[in-house]
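These are the residues of each chain, in order.
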2 protein chains.
Amino acid sequence: MGSVRAEDGYDLWLRYGPVDSSLAEQYRTRLGEMVAPDQTATQRAAREELMRGLGGLLGSAPRLQAEGAGQRMLILGTPDSSRWVAPFRHDLDVLGDEGYLLRQAHVEGRDVLLVAARQDIGVLYGVFHLLRLLQTGTSLEGLDLRESPAMRLRVLNHWDNLDGYVERGYAGGSLWDWHTLPDWRDPRYTDYARANASLGINGTVLNNVNANALSLSPDYLRKAAALADVFRPYGIRVYLSARFSAPIEIGGLATADPLDPAVQRWWQKKADEIYAVIPDFGGFLVKANSEGQPGPQDYGRSHADGANLLADALAPHGGVVMWRAFVYAHDVPEDRAKQAYNEFVVLDGAFRRNVLLQVKNGPIDFQPREPFHPLFGAMPKTPLMMEFQITKEYLGFATHLVYQGPLYEEVLRADTHARGPGSTVARVVDGSLDGHRLTGIAGVANIGDDRTWSGSHFDQANWYVFGRLAWNPRQSSRAIAADWVAMTFARDPGVVQPVVDMMMASREAAVDYMTPLGLHHVMARGHHYGPGPWVDGGPRADWTSVYYHRADRDGIGFDRTTRGSNAVSQYAPAVARDVGDVKRVPESLLLWFHHVPWDHRMASGRPLWDELVHRYTRGVRQIEAMQATWEGLRDKVDAPRHAHVAAFLRIQRNEAQWWRDASVAYFQSLNGRALPAGEAAPPHSLSYYRSLQFPFAPGDGR
Amino acid sequence: MGSVRAEDGYDLWLRYGPVDSSLAEQYRTRLGEMVAPDQTATQRAAREELMRGLGGLLGSAPRLQAEGAGQRMLILGTPDSSRWVAPFRHDLDVLGDEGYLLRQAHVEGRDVLLVAARQDIGVLYGVFHLLRLLQTGTSLEGLDLRESPAMRLRVLNHWDNLDGYVERGYAGGSLWDWHTLPDWRDPRYTDYARANASLGINGTVLNNVNANALSLSPDYLRKAAALADVFRPYGIRVYLSARFSAPIEIGGLATADPLDPAVQRWWQKKADEIYAVIPDFGGFLVKANSEGQPGPQDYGRSHADGANLLADALAPHGGVVMWRAFVYAHDVPEDRAKQAYNEFVVLDGAFRRNVLLQVKNGPIDFQPREPFHPLFGAMPKTPLMMEFQITKEYLGFATHLVYQGPLYEEVLRADTHARGPGSTVARVVDGSLDGHRLTGIAGVANIGDDRTWSGSHFDQANWYVFGRLAWNPRQSSRAIAADWVAMTFARDPGVVQPVVDMMMASREAAVDYMTPLGLHHVMARGHHYGPGPWVDGGPRADWTSVYYHRADRDGIGFDRTTRGSNAVSQYAPAVARDVGDVKRVPESLLLWFHHVPWDHRMASGRPLWDELVHRYTRGVRQIEAMQATWEGLRDKVDAPRHAHVAAFLRIQRNEAQWWRDASVAYFQSLNGRALPAGEAAPPHSLSYYRSLQFPFAPGDGR
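Because the structure is a prediction, the values reported are computed rather than measured. (Residues numbered from 1 in each chain as written. Chains lettered and ligands numbered in written order. Predicted model: local features only at pLDDT ≥ 70, side-chain atom pairs only at ≥ 80, totals over all residues. Heavy atoms only, no water.)

## A few points about the overall build of chain A
Convention followed: The helix count covers DSSP runs of H or I at least four residues long, the strand count covers runs of E at least two residues long, and both are numbered beginning at the N terminus. It is over C-alpha atoms that the radius of gyration is taken, and the globule rule equals 2.2 Å times the number of residues to the power 0.38. The contact criterion used is simple: two residues touch if any of their non-hydrogen atoms lie within 4.5 Å. Surface accessibility in these figures is a Shrake-Rupley result with a 1.4 Å probe; residues are shielded only by whichever protein chains are displayed.
Each helix and strand in chain A was counted, giving 21 helices and 16 strands. Relative to the compact-globule value of 27 Å for 702 residues, chain A shows a C-alpha radius of gyration of 26 Å, a close match. With the C-alpha coordinates of chain A rotated into their principal frame, the extents come out at 80 × 65 × 55 Å. In chain A, 72% of the contacts between residues at least 6 apart in sequence involve partners at least 24 apart. If you sum the accessible surface of chain A, you get close to 23,800 Å²; carbon and sulfur atoms cover 49% of it.

## Regarding the relation of the copies chain B and chain A
Selection criterion: When the copies are overlaid, the least-squares fit takes in C-alpha atoms only where the residue has pLDDT of at least 70 in both copies.
Overlay of chain B on chain A (RMSD 0.0 Å): rotation 180°, translation along the axis 0.0 Å. Taken together, the rotation and translation describe the operation of a two-fold axis. Residues of chain B ranked by C-alpha distance from the rotation axis are headed by glycine 173 of chain B, positioned 3.5 Å from it. Of all interface residues in chain B, 98% are interface residues in chain A too; the two copies therefore contact each other through one and the same surface.

## Looking at empty space enclosed by the protein
Residue and element names in this part refer to chain B. Applicable threshold: Every definition here rests on a 1 Å grid over the protein atoms only: cavities are sets of points where a 1.4 Å probe fits but cannot get out, pockets are open sets enclosed by protein on both sides within 12 Å along at least five of seven lines, and lining residues have some atom within 4 Å of a point. Grid points are joined across faces, edges and corners, and a volume is the space filled by probe spheres set on the points. Gly falls in the polar group here, along with every residue not listed as nonpolar (Ala, Val, Leu, Ile, Met, Phe, Trp, Tyr, Cys, Pro) or charged (Asp, Glu, Lys, Arg).
Looking at the largest cavity, its volume works out to about 140 Å³. Considering the residues around the largest cavity, the lining is formed by 19 residues, among which Ala398, His400, Leu401, Ser456 and Phe458 are closest to the centre. When residues of the lining of the largest cavity are traced back to their parent elements, those giving at least two are helix H13 (460-471) and helix H20 (639-671). Top contributing element to the lining of the largest cavity by residue count: H20, with five residues. Its residues assigned to classes, the lining of the largest cavity comprises ten nonpolar, seven polar and two charged.

## Regarding the sheet that holds strand E3 (residues 72-77) of chain A
Residue and element names in this part refer to chain A. Let me state the cut-off plainly: Strand pairing is assigned whenever DSSP detects at least two bridges linking the two strands. Axis definition: a line fitted to C-alpha atoms, limited for helices to the stretch in contact. Angles are taken between N-to-C directions and run from 0 to 180 degrees.
Strand order in the open sheet made by the six strands is E2-E1-E3-E5-E4-E6, with mixed pairing throughout. The open sheet has two free edges, formed respectively by strand E2 (63-64) and strand E6 (144-147), since each of these has just one partner strand. Here strand E4 (residues 100-107) runs beside E6; their pairing, made up of four bridges, is antiparallel. Counterpart to tyrosine 100 in the pairing with E6 is glutamate 147. Contacting strand E1 (33-35), E3, E4 and strand E5 (110-117), helix H1 (residues 21-31) crosses the sheet at an angle of about 70° to E3.

## Remarks on the pairing of strand E9 (residues 237-241) of chain B
Residue and element names in this part refer to chain B. Formally: Here's how the labels work: a residue is buried when its accessible area is under 20% of the maximum for its type, exposed when over 50%, partly exposed in between, all with a 1.4 Å probe on protein chains only. A crossover counts as right-handed when, viewed with the strands pointing away from the observer, the path leading from the first strand over the helix to the second turns clockwise.
The buried fraction of E9 amounts to four of the five residues, a majority that puts the element mostly inside the structure. Judged from the three bridges that link them, strand E8 (residues 203-205) and E9 form a sheet pairing that is parallel. Looking at the pairing, threonine 204 lines up with valine 238 of E9. For the crossover that starts at E8, traverses helix H6 (residues 218-231) and ends in the parallel E9, the hand is right-handed. Taken together, the three bridges between E9 and strand E10 (residues 283-286) define a ladder with parallel strand orientation. From the neighbouring strand, tyrosine 239 faces E10, where its bridge partner is glycine 283.

## Here we look at the interface of chain B and chain A
How big an interface is tends to be stated in terms of accessible area lost as the parts join. Defined as follows: Simply put, the buried area is the total loss of 1.4 Å probe accessible area from both parts when two parts are fitted together. The working definition used for a salt bridge is a side-chain nitrogen of Lys or Arg within 4 Å of a carboxyl oxygen of Asp or Glu. Polar contacts, as counted here, are pairs of nitrogen or oxygen atoms within 3.5 Å of one another; within protein the pair requires one atom able to donate a hydrogen and one able to accept it, and residues that are adjacent in sequence qualify only if both atoms are side-chain atoms.
The interface of chain B with chain A comprises 41 residues on the first partner and 40 residues on the second. Taking both sides of the interface into account, the surface hidden between chain B and chain A amounts to around 3,500 Å²; carbon and sulfur atoms contribute 59%. For the pair chain B and chain A, the number of links is zero salt bridges. Our enumeration of links across chain B and chain A arrives at zero residue pairs in polar contact (both at pLDDT 80 or more). Sort the elements by how many residues they give to the side of chain B that touches chain A and H20 of chain B lands first, with six residues.

## Focus: the pattern of salt bridges
Under the definition given, this model contains 109 salt bridges over all chains. Residue glutamate 49 of chain A is joined to arginine 194 of chain A by a salt bridge in which the shortest nitrogen-to-oxygen separation is 2.7 Å. Of this pair, glutamate 49 of chain A sits in helix H2 (residues 41-58) while arginine 194 of chain A sits in helix H5 (residues 187-197), and the two are 145 residues apart along the sequence. With relative accessibility at 2%, the residue glutamate 49 of chain A sits in the buried group. For the salt bridge of aspartate 430 of chain B with arginine 474 of chain B, the shortest nitrogen-to-oxygen distance reads 2.9 Å. Residue aspartate 430 of chain B is found in the loop between helix H12 (425-429) and strand E14 (440-444), and its partner arginine 474 of chain B is found in the loop between H13 and helix H14 (477-488); the two are separated by 44 residues along the sequence. Of the residues examined, aspartate 430 of chain B reaches a relative accessible area of 10% and is grouped as buried.

## Comments concerning the packing of aromatic side chains
Here is the rule we go by: A pair of aromatic rings is counted whenever rings of Phe, Tyr or Trp (Trp by its six-membered ring) have centres within 6.5 Å, and the orientation is called stacked for planes under 30 degrees apart, edge-to-face for over 60 and tilted otherwise.
Counted by the stated rule, this structure contains 78 aromatic pairs over all chains. Ring geometry for phenylalanine 648 of chain A and tryptophan 184 of chain B: centres 6.1 Å apart, planes at 85°, overall edge-to-face. Highlighted residues: phenylalanine 648 of chain A in helix H20 (residues 639-671) and tryptophan 184 of chain B in the loop between strand E7 (153-157) and helix H5 (187-197), drawn from two different chains. No difference in accessibility class separates phenylalanine 648 of chain A from tryptophan 184 of chain B, as the two residues are buried. Plain terms: the ring middles of phenylalanine 244 of chain B and tryptophan 323 of chain B are 6.1 Å apart, the flat faces sit at 85° to each other, and that makes the pair edge-to-face. Of this pair, phenylalanine 244 of chain B sits in the loop between E9 and helix H7 (246-249) while tryptophan 323 of chain B sits in strand E11 (residues 320-324), and the two are 79 residues apart along the sequence. With relative accessibility at 1%, the residue phenylalanine 244 of chain B sits in the buried group. Overall, the relative accessible area of 0% leaves tryptophan 323 of chain B in the buried class. An aromatic cluster of three or more residues is present, and its members are Tyr10, Trp13, Trp453, Trp463 and Tyr464 of chain A.

Listed below in structure tokens is the structure:
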């Protein structure tokens, strides 16, 4: 108000603050003159982003030249839009429709820096890459980069309701103001598109998978079309979550049976109607027969019948169906971790060519750590789309600093052994293992109308790393973190190094203070805020904690070996052999796969109980170390963001302690064991921790 | 993102953009050196605001002098904090604890500009006044202003729920992030306090009158205390809405009977507990026995018994009770407009000295136009607090440009004739009519976490005018609008004049297209979005439209004369005589007080039906005229705000047309009359308008 704006996080990683003067001088020499087409909206977006970015980074935007007269020029374009790019047509063809080339070259005796692609969108992606090189202080000498995305669909899933509420959202309300759409197109929609395009994200599902049929009604389609118009220049297609029973709810039919011809006609007409207003509509995301949602099984049909119904309606228009594999039934007396596999593997080969099966990274539900989902590698005839959760439903909401890069990386690099060693999850998802061309990856967005977009400064990094890994899942999450810190806070290695270290340690810290050693699903009921290892009863056993930890006087853990639920059998033999053997299973997954006695000897030499308490405490200590690191950066980070992060770290530290104390108190009440030497007793009784109620914790399902 | 920030409305009327250079030169001469204390938080706030404001307006902040050496100086202070102010102690005493003096003077041979007050808060108010003079380009020569507020409590009421939802809120979610409080104090809380202090608002009720008892629990009191800490330097006290049944819900008692000693002790202890963490806590706002809320009548006690229970608990700490008079019962076969009067007049004199009765401006519910509430003037022994609604529940939500200054002014200037002519509502409320010293005015806030604060740029003016009138209800709403436009958009008379004209006409336009000629309560059910004159049935008759308009084949209007409900008898005879006589009642209130035939002859010479249609259409035309005015300002208003306002005006124009068409179609279906010549038929059938559903319209009650 009335002065220079405080750093409030709105600019994300696109701050474009000035680079050091020596670097700026170098860059200016190369980038002082620009030739860039402006005939299409995407061309204009690319050009404007460069003008804005270089204006900020170098203090002045490049001179725009109509034809190119200078000795040194920055050239943007495609073979069709730029005569300077035309000679590189062959190089560009191999990079595909979204790929791009960044290259220093000599053309007609001139010294040019090319940002070139087959299509305009590739040029825009190249512009963001070039800006990233500048933002991270990278030299442009001898530049020769060729990039194309590993996956075709790189999509955010917004769990946003039509009333503006975001399920599992910790960043305010929905970005989409449905009430004022389509008439008012908030400029923030454009900034959203810019941020996503800077990462190569090319799709967005606007509404919650727990969908309301009204999102398919004419009024809401017009509103979605306005967003699609805003996003189109940035290469982002709009998708919608489709409620399977929509033919009944808004179509007036008596059934939603996928084999009913009237239902089929209804979806065909609906698809025609959608494409009439959104010509490049991406398709449907569907949660069916899952947690109470309607689906084909309501009519005795299979998931394939359901998915194919929608796929047939979309196929003439080029749309796809992303059918979620997150299904489990509480009336099935089977380990929840096994149910999706049991349901879907038999359907491999039964889906239309424009269907992807969207599979969460692990078999339960976005826990701090899970083994990879056994479906990966088990359905070679079906494109499996990865679903990560960017919003931190199980990772402390927005107030905990938990960088998920290492989690995503761990999953993507996990080896399914489906076709022998090296059959990584990444290769399943990017289609290279089984030869799929329709491929994709989805992230459940952590974006809301909070000024920071993500509810905290550091949660922006989770959006960022998701996007970067979606483009190329083989990148290192550490390198991506380093880029993000340099772009978001400062290029100074004295900032980048400690902040990256802090980020890289943060996920393991959360595992330690919440769910060490393979524990899972032990949070409070419903809103999932805080610890709840005592949660039992209620409508379904698989929504309790005791179902998962199975702790008693003698031991703890879920026996998923051949002697137990035999979930290990859903993995390839090489994997099953390791995780099914209590001697070979990584300790990080011990209690996921095994029920063991409290005095089970750990690698550290400690008994399990002591190790468990040790890990809880270690998690708390790690957050204290992060606080110390952050405090040491007080002079190197702007005051507003420093204060914000420091306040959230205090909350995280206190909540980590709460998790540790409540968990220790609970498990101790079962096993009656003494605390290891040096470990402090919880300051409150177990009944105190059990009594805490948080009726207004954010993001709860409705 | 990465460039100069767009004008997004966040700065409100505190933008402090540079003044013309000639003016700046003048101001700099007078304001180049400053002597200002910084021993208290309020002193620092005043000083920092001046540094910030002058820095923006004049390009450089004044030089701070410890003692004052220059020939010309700006002096901030109180007689106790500044030796330069001490000689004016006597002048300041008459201005009270919140008043201030702005004055050019010669002191000890120096030429000084004094911003002086008895208390620090007065100095802060004076600083904002001085900045306003500069923002509006006013000369400082011969300055001698003395200000003190007409009312003691100038309070915002936030209808914010603990889950972040705002009832009747059209500006996003709640500003208060209860989840991260008290640990994280968002800098926006400080900007909220600055904006309010700039108007002299000195209290805020944090939570909805439809209250949750948990807001009085220890956890939430700690959160409220953190907000109180942020607001304190700006003179703003925190209040809470109290749920009358809290002793049961969080106190474990079996009753909330106000005469029960255990209940009395519970409230006393609760008050002690509150003041332990918020030493300057303001008090309670209570909605009791109203629209389903619990209250003293549940135990056969009176509203006075209920209010006095809480007043006794607060009195030792200096707190007050603001007891709402908004009560009506659907099982009472009495005109709803009469019920509050019937309930409360008999209790005049029965309330404790620290109780105010908070009365809505009109007897129904914040309609586009209502006569003043008959309680004003009818309870001389009780301080009556005015309740205006700033948020536009019945005025088109945030998308309609409706400046409420004229509405507030109309009410405040209305003459109750309670003690003869000149007994205006303003004089009832400011206590001068009946000699009350405890006085107050409340506005239901239109503030949320939207970047614009109020959901639109022009709705900021409603917050602004409320605050200005709360300080001095005798000001003209036109002059206040002119200040606001100059501070918010531009000082250029070529902007101020047309925008003020547009604002001043906007409320009458809304009356025309929604509820002309005294119609009221004819909006859609529940969310109140759009027209609903056909609304009938449902849980209670007084929540329908037909209850209020009583239209049929022959005529329209609510007969509140002696032949009807006789609501006119609740006004002083001089008022009743006018409004009760169909020949003397202002046409603007005709259908509020009278049921008349469709061919009733109007002043225009037209029959009522023709006049009604004419007014609806006139309202639409007025919005079109506003669109043309705004379009003409394209080059004089920054592009982002121009586009935003233009988009909202398009929405308003279309919705005004919708109101007109649906209303005309409905009333025509009753009277079967032809449309007047030149009037277009509604483009859709009545059944179409009736079929429209808006399940996600914002702000609906929960």
